[in-house]
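Coordinate analysis (summary)
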Amino acid sequence: MTDVRPTLAVWKFASCDGCQLTLLDCEDELLAVADRVHIAHFLEASRSVEPGPYDVSIVEGSITTEADVERIHRVREMSGTVVTIGACATAGGVQALRNFADIDEFTALVYARPDYISTLATSTPIAAHIDVDYELHGCPIDRRQLLEVVTALLVGRKPNIPAHSVCFECKQRHNVCVVVAHGIPCLGPVTHAGCGALCPAHHRGCYGCFGPMETPNAAAQAGLLRATGMSEDDVVRAYRTFNTSAFIELSKVTVGPPPGAGPHDVPREPR
């Protein structure tokens, strides 16, 4: 009997595998959709590989070699829908810090025989090379967003991927603002929602794991960070983490107007 279920493929490029593990960690939820989809290629879970074409391809990791460039084009050609997952696939990842330095100097310092290393000078997101249908941000991604995309594609509707900031999620969870209440630096106002405001819910500032929201106010965010006592160098370093290439334009704005009522107006708790 012919299997008429839609086929799913999962691909890895330059990454730590954390976002693929998020898919495996879905466990019970994944079992609920297992009968509706046929996993044809997922090396993290099985050595069994079936040839394409595939209805949906989920891609983790950034493009860092010429071989990656060729392979991602092949993935696009044999995939009906391409979904990129995680900071590496959507923004080049933490490895994109190489984009602002000399790659030859890096390889000479790290490897005894740098002439054996074949790599590009930059780490770039998947969308820099092919058309991508949907992007899931995060380091790692949020399992709820992943399940939303998979189930939406199975039933033929557009996935609901929020475009607002982490601050919106803080309000939904009734979190006390860590900046205003405690003077803790936080990237929540300019960071894409999706984590459920996890760090602020535990009294920590947002680290920007989900990359920039669609319409970030760089000057206002710089003023907010400076009001907590951060220097211009500190502001730049705050952006140079998981989504460094996506935050590059914001990191250039290190000075901005302080908020009318913010952490400089309230006493801080000892850290």
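Residues numbered from 1 in each chain as written. Predicted model: local features only at pLDDT ≥ 70, side-chain atom pairs only at ≥ 80, totals over all residues. Heavy atoms only, no water.

1. So, the confidence of the model for the protein chain
As a reminder, the rule being used: The predictor reports its confidence for every residue as pLDDT, a score running from 0 up to 100. Secondary structure counts use DSSP, requiring at least four H or I residues in a row for a helix and at least two E residues in a row for a strand, with both numbered from the N terminus.
Averaged over all residues, the pLDDT of the protein chain is 90; the fraction at 70 or higher stands at 94%. By mean pLDDT, helix 2 (residues 28–34) is the weakest element of the protein chain at 74, and helix 3 (residues 66–77) is the strongest at 98.

2. Points about helix 11 (residues 232–239)
Applicable threshold: Between buried and exposed lies partly exposed: a residue is buried under 20% and exposed over 50% of the maximum accessible area for its type, with that area taken using a 1.4 Å probe on protein chains only. The arc in question is traced by the directions running from the helix axis to the C-beta atoms.
Listed as buried for helix 11 are Val235, Ala238 and Tyr239. Each buried residue of helix 11 lies within a common arc of 95° when the element is viewed along its axis, so the set occupies one face. Counted as exposed and oriented over 90 degrees from the buried face of helix 11: Asp233 and Arg237.

3. Thoughts on the pattern of salt bridges
Applied cut-off: We count a salt bridge whenever a side-chain nitrogen from Lys or Arg sits within 4 Å of a carboxyl oxygen from Asp or Glu.
Enumeration over the complete set of coordinates arrives at eight salt bridges. The partner of Asp142 in a salt bridge is Arg144, with the nearest N and O atoms 2.9 Å apart. By relative accessible area, Arg144 is classed as exposed at 51%. Asp234 is the salt-bridge partner of Arg237, the closest N and O atoms lying 2.7 Å from each other. With Arg237 and Asp234 both in helix 11, this residue pair falls three residues apart, about one helical turn.

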